[in-house]
Amino acid sequence: MDIERIRKDFPVLSRTVRDKRLVYLDNAATTQKPSVVIDAIADLYRRYNANVHRGVYLLAEESTQAYEDSREAVRRFINAAGTQEIVFTRNASEALNLIAYTWGEANIKAGDEIIVSIMEHHSNYVPWFRLAQRKGAVIKIVPSRKDGLLDMDAYRSMLSDKTKLVGIVHMSNVFGTINPVREIVSLAHRHGAVTVVDGAQSAPHMKVDVQDIGCDFFALSGHKMLGPTGIGALYAKKSHLESMEPFLSGGEMILRVTLDSVVYNELPWKFEAGTPNYEGAIGLKAAIEYLERTGMDAIESYERELTVYALEQMKTVPGIYIYGPLDAAHKGGIVAFNIKGVHSHDIGTILDSEGIAVRAGHHCAQPLMIDCGVSAMARASFYFYNTRQEIDLLVQALKKAKEIFGHVA
Amino acid sequence: MSLEELFKEIIIEHYQHPKNQGHIDHPDATSDGSNPLCGDEIAMELVFDGNRIKNVMFTGNGCSISQSAASLITEAIKGKTIEETRTIMDEYKGMLAGREYNAELLGDLEALSDVKKYPARVKCASLSVAVLDQALQQKK
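The text that follows walks through the structure, step by step, so that each part is easy to find. Computed from a predicted model, the values in this text were never measured in an experiment.

### Concerning the overall build of chain A
Inference 1: When its secondary structure is counted, chain A shows 14 helices and 17 strands.
Inference 2: The C-alpha radius of gyration of chain A comes to 22 Å, within 12% of the 22 Å expected for a compact globule of 409 residues.
Inference 3: Overall, the C-alpha framework of chain A stretches about 75 × 55 × 35 Å when taken along its three principal axes.
Inference 4: Taken across its 409 residues, chain A has 57% of its residues classed as buried.
Inference 5: Once local pairs closer than 6 in sequence are excluded, the contacts in chain A between residues at least 24 apart make up 71%.

See below:
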């Protein structure tokens with residue numbers, strides 16, 4: 001991959017921050033946008049903006065086509081069987097909530113068991129926690145092992161005929177761990193449980209094939225994969241969507257309304273009430289096409305090299321502790337860490353003064369923070385536009401942070 | 001903007017060796033608070049002698065700014081009357097908001113003046129006064 005050429009596609013990467021060139025290493029929070037995405041959105045508003053699925057005029061036909069083309073792009077990107085299985089949402093969180101409030105509401109009963117892992121982002125924990133509270137169901141947590149991988153033995157032992165749903169993060173937003181979702185799904189199915197894969201971190205960085213994984217539901221977030229904010233998608237097997245009640249109600253999700261009856265729209269529009277974020281979908285399509293041109297396999301292998309290098313170099317910082325797997329074979333480009341005697345917020349500020357953007361805090365994964373015995377971590381997360389040179393700058397700045405705070409016992 | 005401005009020696013000193021850290025046996029007022037976004041935590045315990053703060057101790061967990069601020073502010077108000085404490089708190093909040101302030105009154109707390117240049121960190125420096133304010137409201 002020609003990284004210098006790729007970097008030119010991202011206007012923000014050439015800006016300076018506090019008189020230093022921006023080093024953007026917070027890609028697990030959100031990614032930067034290539035010009036093609038920015039232009040696709042501007043092009044909609046300059047040339048053919050009209051509400052989708054409503055008008056009979058040419059502009060409306062064009063915008064509707066663009067919106068539905070985006071659905072096809074998402075389908076192709078994750079290899080779903082059909083576009084009926086792709087529902088646009090605001091983000092991965094909304095996709096996961098949709099499942100909890102429709103499938104979950106109808107199918108989870110008192111005493112049922114829901115299995116999730118300790119690595120879940122709040123968005124794949126809180127909806128299940130609340131569902132369990134409403135229904136009197138039981139949540140079981142699969143722990144992680146010392147090496148940062150999921151404890152599959154514990155998972156196997158938790159599965160039973162009481163298990164109704166298994167929710168699992170594909171790639172941890174803290175540890176970077178890539179979980180063996182195919183095996184997790186197949187084990188769950190043996191017990192008749194439905195499976196939900198949170199793909200917010202995986203879809204941007206590796207080839208995803210939902211039919212190969214075999215999951216019932218898969219959630220992704222547009223802005224973490226070069227797309228705009230406010231657009232995400234839910235993949236769901238058609239058989240589930242057919243039997244599920246709508247989530248939100250209003251325009252778009254209906255075929256016919258009289259004062260005493262409502263006929264719901266066909267799939268997938270039954271789950272898309274109100275004017276959808278077609279601007280976001282159009283931007284997401286441009287993002288997907290950009291990723292496809294770059295090649296998901298090439299992205300994955302370049303990011304793996306970068307992660308190997310980052311782990312090697314970061315280890316040389318005195319007092320550093322890296323959380324999660326240290327073997328890049330099992331993780332994506334996410335490195336969470338702490339430095340003895342330097343709080344992660346202070347690390348964040350010191351790196352910012354060098355133009356380096358990282359995340360500091362609990363990463364919306366407080367149960368995992370508690371499990372690690374800390375309240376906060378710093379996190380560097382990479383995308384394919386990052387370079388080894390940027391990792392060198394990160395490591396230099398981390399050493400400087402350690403110097404500022406001296407050597408603390 | 002240089003890091004030395006923000007992470008002054010006195011701030012790092014109070015972070016690594018905080019003053020007034022611990023508990024009081026029978027406090028007249030207690031209060032705690034946190035910044036949910038970043039996880040900084042501060043709890044304060046106070047003993048009054050009439051209208052005066054006879055003793056104040058804190059416990060906490062978090063970054064150098066939040067913890068050194070707790071150390072510095074407890075130092076600043078120990079032995080002061082409620083009114084004097086309120087004045088110090090107002091001056092301190094004003095300093096963090098970028099307004100003019102009475103440096104003499106703030107003393108060592110002035111070390112935190114450059115936090116105002118880092119908007120994301122103002123909450124860290126403000127947590128202690130918010131917790132202190134809650135505690136003072138318990139004083140009838």
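### Here's the deal with helix α12 (residues 344–353) of chain A
Inference 1: Among the ten residues of α12(A), nine are classified as buried, and the element is accordingly described as predominantly covered.
Inference 2: Where α12(A) ends, the next residue or the one after it, A:Gly355, has phi of about 85 degrees, a positive value.

### Here's the deal with the side chain of A:His205
Inference 1: Relative to the assigned elements, A:His205 resides in the loop between β8 (194–198) and α8 (210–213).
Inference 2: If near-sequence neighbours (up to four positions away) are discounted, A:His205 is found in contact with A:Met171, A:Met296, A:Ile299, A:Glu300, A:Glu303, A:Phe382 and A:Tyr383.

### Let's talk about the layout of surface pockets
Inference 1: Estimates place the volume of the largest pocket at around 630 Å³.
Inference 2: Lining the largest pocket are 23 residues, with A:Thr349, A:Val358, A:Ala360, B:Ala120 and B:Arg121 positioned closest to its centre.
Inference 3: Every element with two or more residues in the lining of the largest pocket is listed here: α12, β15 (356–357) and β16 (359–361) of chain A together with α6 (119–137) of chain B.
Inference 4: Sorting elements by how many residues they give to the lining of the largest pocket places α6(B) first, with five residues.
Inference 5: Among the residues forming the lining of the largest pocket, the class breakdown is 13 nonpolar, five polar and five charged.
Inference 6: By volume, the second largest pocket amounts to about 330 Å³.
Inference 7: Taken together, 19 residues form the lining of the second largest pocket, with A:His343, A:Ser375, B:Tyr15, B:Asn61 and B:Gly62 sitting closest to its centre.
Inference 8: Contributions of two or more residues to the lining of the second largest pocket are made by β13 (320–323) and β14 (334–339) of chain A together with β3 (52–61) of chain B.
Inference 9: A total of three residues in the lining of the second largest pocket trace back to one element, the largest contributor, which is β3(B).

### Digging into the sheet that holds strand β4 (residues 86–89) of chain A
Residues and elements named next belong to chain A.
Inference 1: An order of β4-β10-β9-β8-β7-β5-β6 is seen for the seven strands of this open sheet, with the pairing classed as mixed. The sheet is open, and its two edges are formed by β4 and β6 (138–142), each paired on a single side. The average undirected angle you get between the axes of adjacent strands in this sheet is 20 degrees.
Inference 2: Relative to β6, strand β5 (residues 113–117) is paired through five bridges, and the arrangement is parallel. Residue Ser117 lies in a different strand from β6, and its bridge partner there is Val142.
Inference 3: With respect to the sheet, helix α3 (residues 58–78) is in contact with β4, β9 (217–221) and β10 (232–236), its orientation differing from that of β4 by roughly 115 degrees.

### Quick look at unusual backbone geometry
All names here are of chain A.
Inference 1: At the junction of Leu267 and Pro268, the peptide bond is cis and its omega measures out at 0 degrees in the coordinates.
Inference 2: Positive phi outside glycine occurs at His53, with the angle close to 55 degrees.
Inference 3: By secondary structure assignment, the location of His53 is in the loop between α2 (35–48) and α3.

### Considering the environment of B:Met89
Inference 1: With respect to the helices and strands, B:Met89 occurs in helix α4 (residues 82–96).
Inference 2: Distance from B:Met89 to B:Gln138, taken between C-alpha atoms, is 16 Å for residues 49 residues apart in sequence.

### A short note on the interface of chain B and chain A
Interface size, as often reported, equals the accessible area lost upon joining of the parts.
Inference 1: The partner chain A presents 17 residues to the 19 residues of chain B that form the contact.
Inference 2: Both sides together, the interface formed by chain B and chain A hides about 1400 Å², and carbon and sulfur atoms give 59% of it.
Inference 3: For A:Asp346, the salt bridge is made with B:Arg121, and the minimal N-O distance between the two is 2.7 Å.
Inference 4: Linking chain B to chain A there are five residue pairs in polar contact (both at pLDDT 80 or more).
Inference 5: For the side of chain B that touches chain A, the secondary-structure elements that each account for two or more residues are α1 (3–6), α2 (9–16) and α3 (64–77) of chain B.
Inference 6: Top element by residues in the side of chain B that touches chain A is α2(B). It accounts for three residues.
Inference 7: Residues that form the side of chain B that touches chain A fall into these classes: twelve nonpolar, five polar and two charged.

Reading guide: rules and limits
Residues numbered from 1 in each chain as written. Chains lettered and ligands numbered in written order. Predicted model: local features only at pLDDT ≥ 70, side-chain atom pairs only at ≥ 80, totals over all residues. Heavy atoms only, no water. Helix = DSSP H or I, 4+ residues; strand = E, 2+ residues; numbered from the N terminus. Rg over C-alpha atoms; globule rule 2.2 N^0.38 Å. Buried < 20%, exposed > 50% of the residue type's maximum accessible area, 1.4 Å probe, protein only. Contact = heavy atoms within 4.5 Å. 1 Å grid on protein atoms, 1.4 Å probe; cavity = no way out; pocket = protein on both sides within 12 Å on 5 of 7 lines; lining within 4 Å. Points joined across faces, edges and corners; volume = space filled by probe spheres on them. Nonpolar A, V, L, I, M, F, W, Y, C, P; charged D, E, K, R; others polar. Pairing = 2+ DSSP bridges. Axes fitted to C-alpha atoms, helices over the stretch in contact; angles between N-to-C directions. Buried area = accessible area lost by both parts, 1.4 Å probe. Salt bridge = Lys/Arg side-chain N within 4 Å of Asp/Glu carboxyl O. Polar contact = N/O pair within 3.5 Å; in protein donor to acceptor, adjacent residues only side chain to side chain.

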